[in-house]
Amino acid sequence: GVKGTMNIKINLYEQWINSIKQELKNRFGGNIPNYANPHEYAINWQSWNRRLVRRSLRTLSKANQFQCPSNRTNGLNKLENVIVCGHDLTPWLSIKIRIIDYEDAMLIDWGIHHLHLGENLKSDGFIEGTDELLFAIFNDNICFEIGIYKHGDWSEIDLLEIINSNWPEIIEKRKLKGTLDISYYQKTRDEVLALRKANISYMLKLSDGSIIMPIGGGVMTDGTSTEAVLSADYCGKVFRNAEENIKKIITENISHGKLPDESYDFELQSDNQQILAVDEKHQLYFKIK
């Protein structure tokens, strides 16, 4: 081999995990689980980020069936205003957002958030909790308002029917094409709850005959969000591949005399736009993402 190439120090994956741990510590006051497998931090972080609603200016799209009880009109108006202005929605979410490894089963399963309709902020920074909740799906520029429901209505199959009849495009990519028509796919709300509790993903038949997979991506056998696991795995792979590629490029360039035969030390740097691996000393950088 080439003299000196062993001195390429590049542990992007490890630095990424450490930055996640630091962010989680900042958010949760240093009180975070101690995982034997560092990848758990990445999954946890992705899962927690899914429970938040990303800040973005959004328009409101209300289901045709939408009705709000009169005692919650003011609370709903305040919340809708916050949604449209793109302010932070965390105070309206469940106070369980403060628990790092809590999983929101309805969100994992169906991609539906629930928000409280109180009118006043409490001293802990959260809106007063209410029995009535807004059930909604958020994408980057629209808030789809499904309806006002009570705690415990997490498994109402009506929710999916409302989504399907108002915004079929949300469900479209989760529909199974050309599947046999078997009554087995008809689930009651209790069956849905039981399957969810057992961390089992399931298919469901809607009244128009379509059979769908969970629109929130479903659950892994340990109760973690499938989408959180997939995105953590994807990012992990990106960093591992980058480490290999950069090592290879530097090694080849040293052997061809294009780079000095010295030690290289790369550091992970990021802004909102991009993630870079940077060697300050040699003024080299590689774009990771």
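Model, not experiment: these values are computed from the prediction. (Residues numbered from 1 in each chain as written. Predicted model: local features only at pLDDT ≥ 70, side-chain atom pairs only at ≥ 80, totals over all residues. Heavy atoms only, no water.)

*Asks:* How should the confidence of the model for the protein be read in this particular structure?
*Replies:* Residues shown with low pLDDT carry predicted positions that ought not to be read at fine detail. Per-chain confidence: the protein averages 90 in pLDDT, with 95% of residues scoring 70 or above. Strand β2 (residues 59–62) holds the highest mean pLDDT among the elements of the protein, 98, whereas strand β6 (residues 204–205) holds the lowest, 86. (pLDDT = per-residue confidence, 0-100. Helix = DSSP H or I, 4+ residues; strand = E, 2+ residues; numbered from the N terminus.)

*Asks:* Could you clarify how one ought to interpret helix α3 (residues 73–85) in this entry?
*Replies:* Two residues of an α-helix separated by three or four positions point the same way, owing to the 3.6 residues in each turn. For α3, spanning 13 residues, the distance from its first C-alpha to its last is 18 Å, which sits close to the expected 18 Å at 1.5 Å a residue. Every buried residue of α3 is accounted for by Gly75, Leu76, Leu79, Glu80, Val82 and Ile83. Each buried residue of α3 sits inside an arc of 160° when the element is viewed along its axis, so together they form one side. Following α3 by one or two positions, Gly86 has its phi on the positive side, about 75°. (Expected span 1.5 Å × (residues − 1). Buried < 20%, exposed > 50% of the residue type's maximum accessible area, 1.4 Å probe, protein only. Arc of directions from axis to C-beta.)

*Asks:* Looking at this structure, how should I read the packing of aromatic side chains?
*Replies:* What describes a pair of aromatic rings is the distance from one ring centre to the other and the angle between the planes of the rings. Counting across every chain of the model gives eight aromatic pairs. Ring geometry for Tyr13 against Trp16: centres 5.8 Å apart, planes inclined by 55°, an arrangement best described as tilted. A residue pair is termed a helical-turn pair when its members lie 3 or 4 positions apart in one helix, as Tyr13 and Trp16 do in helix α1 (residues 12–27) at three residues. By relative accessible area, which is 8% here, Tyr13 ends up buried. Through pairs of rings, three or more aromatic residues link up here, namely Tyr13, Trp16 and Phe239. The ring of Tyr13 has Arg240 lying over it, and the distance from NZ or CZ to the ring centre is 3.9 Å. (Phe/Tyr/Trp six-rings, centres within 6.5 Å; stacked < 30°, edge-to-face > 60°. Lys NZ or Arg CZ within 6 Å of the ring centre and 35° of its normal.)

*Asks:* Help me understand the pattern of salt bridges in this model?
*Replies:* Side chains that carry opposite charge are capable of pairing whenever their charged atoms lie near each other. Applying the stated criterion to the full structure yields 12 salt bridges. A salt bridge links Glu227 to Arg50, with the nearest nitrogen and oxygen atoms 3.3 Å apart. One end of the pair, Glu227, is in helix α8 (residues 226–255); the other, Arg50, is in helix α2 (residues 39–51), with 177 residues separating them in the sequence. (Salt bridge = Lys/Arg side-chain N within 4 Å of Asp/Glu carboxyl O.)

*Asks:* Help me understand the layout of surface pockets in this model?
*Replies:* To locate leftover empty space, one rolls a probe as large as a water molecule over the atoms. Of the pockets and cavities examined, the largest pocket occupies roughly 1,600 Å³. Residue lining of the largest pocket: 46 residues in total, with Trp45, Gln46, Asn49, Arg50 and Arg54 positioned closest to the centre. Of all the secondary structure elements, the ones that give two or more residues to the lining of the largest pocket are α1, α2, α4 (105–110), β4 (132–138), α6 (168–172), α8 and β9 (267–270). Of the residues forming the lining of the largest pocket, the biggest block, six residues, is contributed by α1. The class makeup of the residues in the lining of the largest pocket is 17 nonpolar, 15 polar and 14 charged. Estimated volume of the second largest pocket: approximately 300 Å³. Lys96, Tyr102, Asp104, His114 and Trp154 are the residues nearest the centre of the second largest pocket, which is lined by 14 residues in total. Here the lining of the second largest pocket takes three residues from helix α7 (residues 189–197), the largest share from any one element. A breakdown of the residues in the lining of the second largest pocket according to their chemical character gives six nonpolar, four polar and four charged. (1 Å grid on protein atoms, 1.4 Å probe; cavity = no way out; pocket = protein on both sides within 12 Å on 5 of 7 lines; lining within 4 Å. Points joined across faces, edges and corners; volume = space filled by probe spheres on them. Nonpolar A, V, L, I, M, F, W, Y, C, P; charged D, E, K, R; others polar.)

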